[in-house]
Amino acid sequence: MSSIATSKVTKICFGEQSNSFVKAHLLPCAIKSNAVAPVSEYFNPQPAGFEIDGAPVLTASFRGRNLKGAEVQFDPSYSGYVLEEIPCQAGSIEEASWRVSQGDNGDRLAFKSLTHWNHDTAPTAADPLCRAMDWAQLGAKLHEEVPVHELLEMQKALAAGKLPKSGL
């Protein structure tokens, strides 16, 4: 599994399959370069020796700043894709579009998890990224088909006054 670093990574898209998985890091800074860099030579996260919210905390430094990170796992049915912006022509009023970045071998660059980094404090389940990831699971549950027998049981319970008639 290789690591990538590029300022092109500005959006994360979720899909179902890919050919080439990479390690993804979400850093709390902007990198003003479009070049691919040998990340693993200079950025070497180490275990911090403790866990928060059940996730092992990592520590690293970037440009002299201490970072604390934790890996955020995706639902097994999802993959994240590295996207790069396709710039608009000068003077165009159209919005920029995006395409999936490709590795040296032409495979789409994808990831199954990402390491979320904060300055000085370890990421927790209350961080915006972690809370946003909960929506994917919630959305899947909301759109899941409810078996007919469960609907009938709920209808009977409502009629008997055993469930509140207002929402949850």
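Residues numbered from 1 in each chain as written. Predicted model: local features only at pLDDT ≥ 70, side-chain atom pairs only at ≥ 80, totals over all residues. Heavy atoms only, no water.

K.L.:
Mind laying out the pairing of strand β10 (residues 113-119), listing which residues take part and the relevant values?
P.N.:
For β10, the tally of buried residues reaches six of seven residues, placing the bulk of the element in the interior. The sheet contact formed by strand β3 (residues 20-26) and β10 spans three bridges and is parallel. What sits directly across from L26, in β10, is H116. Note: strand β6 (residues 65-73) against β10, seven bridges, orientation antiparallel. Across the sheet, the residue bridging to Q73 is S113, located in β10. (Buried < 20%, exposed > 50% of the residue type's maximum accessible area, 1.4 Å probe, protein only. Helix = DSSP H or I, 4+ residues; strand = E, 2+ residues; numbered from the N terminus. Pairing = 2+ DSSP bridges.)

K.L.:
How would you summarise helix α2 (residues 128-142) if you had to cite specific residues and measurements?
P.N.:
With 15 residues, α2 should reach 21 Å at 1.5 Å per residue; the first-to-last C-alpha distance of 21 Å fits that figure. Residues of α2 that are buried include every one of L129, C130 and M133, and no others. All buried residues of α2 fall inside an arc of 105° around its axis, so they share one side. Opposite the buried face of α2, at more than 90 degrees from it, the exposed residues are P128, R131, W135, K141 and L142. (Expected span 1.5 Å × (residues − 1). Arc of directions from axis to C-beta.)

K.L.:
Break down the nonpolar core for me, citing the residues and quoting the values.
P.N.:
Within soluble globular proteins, side chains that are nonpolar generally end up buried alongside one another. By size, the foremost hydrophobic cluster in this structure holds 11 residues: V22, A24, V72, F74, V82, L109, F111, L114, L129, C130 and M133. Those elements that place two or more of their residues in this core are β3, β9 (109-111) and α2. Ranked by residue count, the leading element in this core is α2, at three residues. Not counting chain neighbours up to four residues away, the residues in contact with A24 comprise F111, S113, L114 and T115. Core analysis: the second largest hydrophobic core is formed by six residues, L27, F43, A60 and W117 among them. (Core = buried A, V, L, I, M, F, W, Y, C linked by side-chain atoms within 4.5 Å. Contact = heavy atoms within 4.5 Å.)

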